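# Working through the structure, step by step
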Amino acid sequence: MSEEFSGTDLLAGRFEAERPQLRSVAYRMLGSVAEAEDAVQEAWLKLSRSDVSEVRNLGAWLTTVVGRVCLDQLRSRASRREDPLPEQEGQVRLPDPVVSGLTALDPVHEILVADSVGIALMVILETLSPAERVAFVLHDMFDAIAEVLGRTSASTRQLASRARRRVRDATPAADSDNARKREVVEAFMAASRGGDFDALLAVLDPEVVARSDGGTLVPSLLRRGAADVASQAITFARFAAAGRLVLVNGSPGVVSFAEGRPLSVMSFTICDGRITAMDILTDPTRLAALGLTA
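A brief look at the structure comes next.

What counts, and where the lines are drawn
Residues numbered from 1 in each chain as written. Predicted model: local features only at pLDDT ≥ 70, side-chain atom pairs only at ≥ 80, totals over all residues. Heavy atoms only, no water. Pairing = 2+ DSSP bridges. Helix = DSSP H or I, 4+ residues; strand = E, 2+ residues; numbered from the N terminus. Contact = heavy atoms within 4.5 Å. Axes fitted to C-alpha atoms, helices over the stretch in contact; angles between N-to-C directions. Expected span 1.5 Å × (residues − 1). Polar contact = N/O pair within 3.5 Å; in protein donor to acceptor, adjacent residues only side chain to side chain. Left-handed = near helix turned anticlockwise from the far one by under 90°. Nonpolar A, V, L, I, M, F, W, Y, C, P; charged D, E, K, R; others polar. Buried < 20%, exposed > 50% of the residue type's maximum accessible area, 1.4 Å probe, protein only. Arc of directions from axis to C-beta. Salt bridge = Lys/Arg side-chain N within 4 Å of Asp/Glu carboxyl O.

## Describing the sheet that holds strand β1 (residues 99-100)
Spatial strand order, β1-β4-β5-β6-β7-β2-β3: 7 strands in an open sheet with mixed pairing. For this open sheet the edge positions go to β1 and β3 (221-224), each flanked by a neighbour on one side alone. Those strands touched by helix α9 (residues 178-194) are β2 (204-213), β4 (243-248), β5 (251-258), β6 (261-271) and β7 (274-281), and its axis lies near 35° from that of β5.

Laid out in structure tokens, this is it:
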């Protein structure tokens, strides 16, 4: 039997129940908290103007709407070429981090942390085509993927499978014990503060990659290799000196402040007790939009 929806208040209540999941889906697709919220709001506008009395599954219907909105946004990015692929021509664009541990999380961000996706994986998602990214995020919702992309269910299964393979092949192995990862991050920060080059080398993987997204005002940086990354860490020791340990997308990371203003958000990928990747957001505009306070 179809679900019955009568009255704006009832419809709004059903939508609010779906909002956290819709926001999580949109964030994975877009890598932007603000854009994810805009996509979800657009889904509400679509719902409020539609007759859904015959809709059997409102959650799937809304997910399809959000998927279409996100796909349009991803295609618009690609056409404008405003978001180059990570590491392309020395440019780096990191997704918005979701930071917890400074203060109590507001409801807008709670679901993003509870259903967190690491920054390293989000960076890899940035390398997928718009269609592949939609298929990867929606994974087993093949009917929804097919409707969003205008493809058959069979072709969307193939697309989703290809996207999963690409992500799996590019996803670095990572430790899962947050307590152990915290120890590694603390060791890195202590060595950075003290300018201890040898201690930094001990905690960095020989092939470590450090990506820094400074936006349009601050040059982006891409460093490879333990010696290069250690030297850079010492150069920017002020970030470590002002750093506070937090969770970034559910994993130990660091936020640095100066005079109450955020200077950077750092996330780490750690494997076998060593840092294999660092992703650092220093874009002052995007940092200000995160609403972080010391």
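## Side note on helix α3 (residues 58-80)
Look at α3: 33 Å from first C-alpha to last across 23 residues, which is about the 33 Å you get at 1.5 Å a residue. Measuring from the backbone nitrogen of G59 back to the side-chain oxygen at the start of α3 gives 3.2 Å, which picks out N57 as the cap.

## Thoughts on the packing of helix α1 (residues 8-30) against helix α6 (residues 130-138)
It is the contact of α1 with α6, at a shortest axis distance of 9 Å, that shows an interaxial angle of 145°. Seen along the crossing, α1 lies across α6 with a hand that is right-handed. Contacts from V25, R28, M29 and L30 of α1 reach α6 at R133, V134, V137 and L138. Here the residues of the contact of α1 with α6 are counted per class, giving 6 nonpolar, no polar and 2 charged.

## Digging into helix α2 (residues 33-48)
For α2, spanning 16 residues, the distance from its first C-alpha to its last is 23 Å, which sits close to the expected 22 Å at 1.5 Å a residue. All of the buried residues in α2 are V33, A36, A39, V40, A43, W44 and L47. Buried residues of α2, viewed axially, fall in a sector of 145°; they line one side.

## Some words on the pairing of β5
Counting buried residues along β5, 7 of its 8 residues qualify, which places the element largely inside the surrounding structure. Note: β4 against β5, 6 bridges, orientation antiparallel. Across the sheet, L247 pairs through a bridge with P252, a residue of β5. If you look at the hairpin formed by β4 and β5, you'll find 2 residues sitting between the two strands, and N249 has a positive phi there, around 50°. Two strands pair when backbone bridges link them, and β5 and β6 are joined in this way by 6 bridges, in the antiparallel orientation. Residue V255 lies in a different strand from β6, and its bridge partner there is V265. Counting the residues in the hairpin turn of β5 and β6 gives 2 residues, including E259, whose phi is positive at 55°.

## Re the pattern of salt bridges
One pass over the full model with this rule turns up 14 salt bridges. Residue R77 pairs with E35 through a salt bridge whose shortest N-O separation is 2.5 Å. Remark: E35 occurs in helix α2 and R77 occurs in helix α3; sequence separation between them is 42 residues. A relative accessible area of 24% means that E35 is categorised as partly exposed. Here R223 makes a salt bridge to D228, at a shortest N to O gap of 3.9 Å. The exposure class assigned to R223 is partly exposed, which follows from its relative accessible area of 25%.

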